[in-house]
Structures are given as C-alpha cells and as structure tokens.
Amino acid sequence: MSGHGAPTTERVDATGLRVIVVAGTWHDTITDGLIAGAERVLEASGASWRLVRVPGSFELPVASKVALEAGADAVVALGVIIRGGTPHFEYVSSAATDGLTRVALETGKPVGFGVLTLDDEQQGLDRAGLAGSKEDKGAEAADAALRTAVLLRELRG
C-alpha cells in the first residue's frame, strides 16, 4: 500500500489560517470520504475553512487559484480520477496535477494534493478514509496543506 512509511504527526495548530477545500463531484462515495477526512483534520487544527465543489478534477486548478488569490491561506484539492479504456485518464490526471502545482508556485501558497488517480474504484475506497479503508488521503492532503501554510507563515515572518 502506498501509505507505507508515512510520517506520524501530531495535530497542527493552524489557528488564524483560512483554508478552502475544493472537491470534484465525480465518484461521490470516495469523494465524500476524502472530504470527511479533510474536515476532521481542519476542525482539529483551529483553522477556519469551507468547502466548494467543482464539476470534476480538471476544474480543481482554476478554482484553487481563485480561492488563493481571494485570500485563502491554503487549498485542499480533492478529486477522483479512475482509469478507463481511453487516454482521457492520462490527460485529466496530468492537467490536474500540473495545474495544481502551477497554482501553488504562482501564488506562493500551499495546495494540499488529494487527487486520487486510480485503476479501479476499490483502490479509491481503500484510500478514502471510509470504514475499512487502509488510508485517509483527504486527511493527509489537509494536514500537508496546513503544515506547509504554517511553515510559510513562519518563513515570511
């Protein structure tokens, strides 16, 4: 499982940070699990946050960029892309990944990457933080965004 070797971390104090969770609407069972994991971490951190939904993973970068430009300190981007029989999977996965990386670099603000790129639905269920899941990628993405935002705040003084 890809979570092998993941760091163990204590709760991060993100009091005063504003976070936007941007989530796609495809594969709602998996996506809802990702959102719930992010919510648990964000609530425990003391950050203020809200959820916005976009049609799919392709739209995550533009919504994330606007959220950060509008004043959010960090974004948690959550999406689910499942491989099919056409090259569409590669195009959407690449566009979402490259776009979110560009957003983080252009804005100088963190984007927690919670976009699952999967061969089948079961892989998503195993990573969505649901009952019986082996991993909680929504929580991990939120934690990464918060820790990076806190670090950037310290670095900037």
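What comes next is a walk through the structure. (Residues numbered from 1 in each chain as written. Predicted model: local features only at pLDDT ≥ 70, side-chain atom pairs only at ≥ 80, totals over all residues. Heavy atoms only, no water.)

**Topic: the environment of Leu51**
Step number 1: On the secondary structure map, Leu51 appears in strand β2 (residues 48-53).
Step number 2: Residue classification places Leu51 among the partly exposed residues on the basis of a relative accessible area of 35%.
Step number 3: Between the alpha carbons of Leu51 and Ala145 there is a distance of 15 Å; along the sequence they are 94 residues apart.
Step number 4: Discounting residues that sit within four places of it in the chain, Leu51 has contacts with Val21, Ala23 and Ile35. (Helix = DSSP H or I, 4+ residues; strand = E, 2+ residues; numbered from the N terminus. Buried < 20%, exposed > 50% of the residue type's maximum accessible area, 1.4 Å probe, protein only. Contact = heavy atoms within 4.5 Å.)

**Re the packing of helix α2 (residues 60-69) against helix α3 (residues 88-107)**
Step number 1: Two numbers describe how α2 lies on α3: the axes approach to 8 Å, and their chain directions differ by 15°. As far as their axial angle goes, α3 and α2 are roughly parallel. Helix-helix and strand crossings are classified by hand; for α2 and α3 the assignment is right-handed. Residue-level inspection shows Leu60, Pro61, Ser64, Lys65, Leu68 and Glu69 of α2 in contact with α3, the latter providing Ala95, Ala96, Gly99, Leu100, Val103, Glu106 and Thr107.
Step number 2: Taken together, the residues that form the contact of α2 with α3 break down as seven nonpolar, three polar and three charged. (Axes fitted to C-alpha atoms, helices over the stretch in contact; angles between N-to-C directions. Parallel < 35°, antiparallel > 145°, perpendicular 65-115°, else oblique. Left-handed = near helix turned anticlockwise from the far one by under 90°. Nonpolar A, V, L, I, M, F, W, Y, C, P; charged D, E, K, R; others polar.)

**Thoughts on the pattern of salt bridges**
Step number 1: Tallying each qualifying case throughout the model produces twelve salt bridges.
Step number 2: Glu69 serves as the salt-bridge partner of Lys65, at 3.5 Å between the closest nitrogen and oxygen. Placement of the pair is Lys65 and Glu69 together in helix α2, with a separation of four residues, close to one helical turn.
Step number 3: Residue classification places Lys65 among the partly exposed residues on the basis of a relative accessible area of 28%.
Step number 4: Residue classification places Glu69 among the exposed positions, given a relative accessible area of 54%.
Step number 5: Here Asp126 makes a salt bridge to Lys134, at a shortest N to O gap of 3.9 Å.
Step number 6: Within this structure, Lys65, Glu69, Arg102 and Glu106 form a network of salt bridges that share partners. (Salt bridge = Lys/Arg side-chain N within 4 Å of Asp/Glu carboxyl O.)

**Focus on the environment of Gly56**
Step number 1: For Gly56, the location among the structural elements is in the loop between β2 and α2.
Step number 2: If near-sequence neighbours (up to four positions away) are discounted, Gly56 is found in contact with Gly24 and Trp26.

**A word on the nonpolar core**
What tends to happen in soluble globular proteins is that the nonpolar side chains get buried as a cluster.
Step number 1: In terms of nonpolar packing, the biggest core is built from 27 residues, with Leu17, Val19, Val76, Leu78 and Leu146 touching the most fellow members.
Step number 2: Sorting the residues of this core by element identifies β1 (18-23), α1 (28-45), β3 (74-82), β4 (111-118) and α5 (137-156) as the ones contributing at least two each.
Step number 3: Counting residues per element, this core draws most heavily on α5, which supplies seven residues.
Step number 4: Excluding residues that lie within four positions of it along the chain, Val76 makes contacts with Val19, Ile20, Val21, Val22, Ala38, Gly112, Ala141, Ala142 and Ala145.
Step number 5: In this structure, Ala77, Phe89, Val103 and Val111 belong to the second largest nonpolar core, which totals 16 residues. (Core = buried A, V, L, I, M, F, W, Y, C linked by side-chain atoms within 4.5 Å.)

**Focus on the pairing of β3**
Consecutive side chains of a regular strand alternate in pointing toward one face of the sheet and then the other.
Step number 1: Summarising burial for β3: eight of the nine residues are buried, a large majority.
Step number 2: Here β1 pairs with β3 via five bridges, running parallel. Opposite Val19, over in β3, you have Ala74 as the bridge partner.
Step number 3: Taken together, the eight bridges between β3 and β4 define a ladder with parallel strand orientation. (Pairing = 2+ DSSP bridges.)

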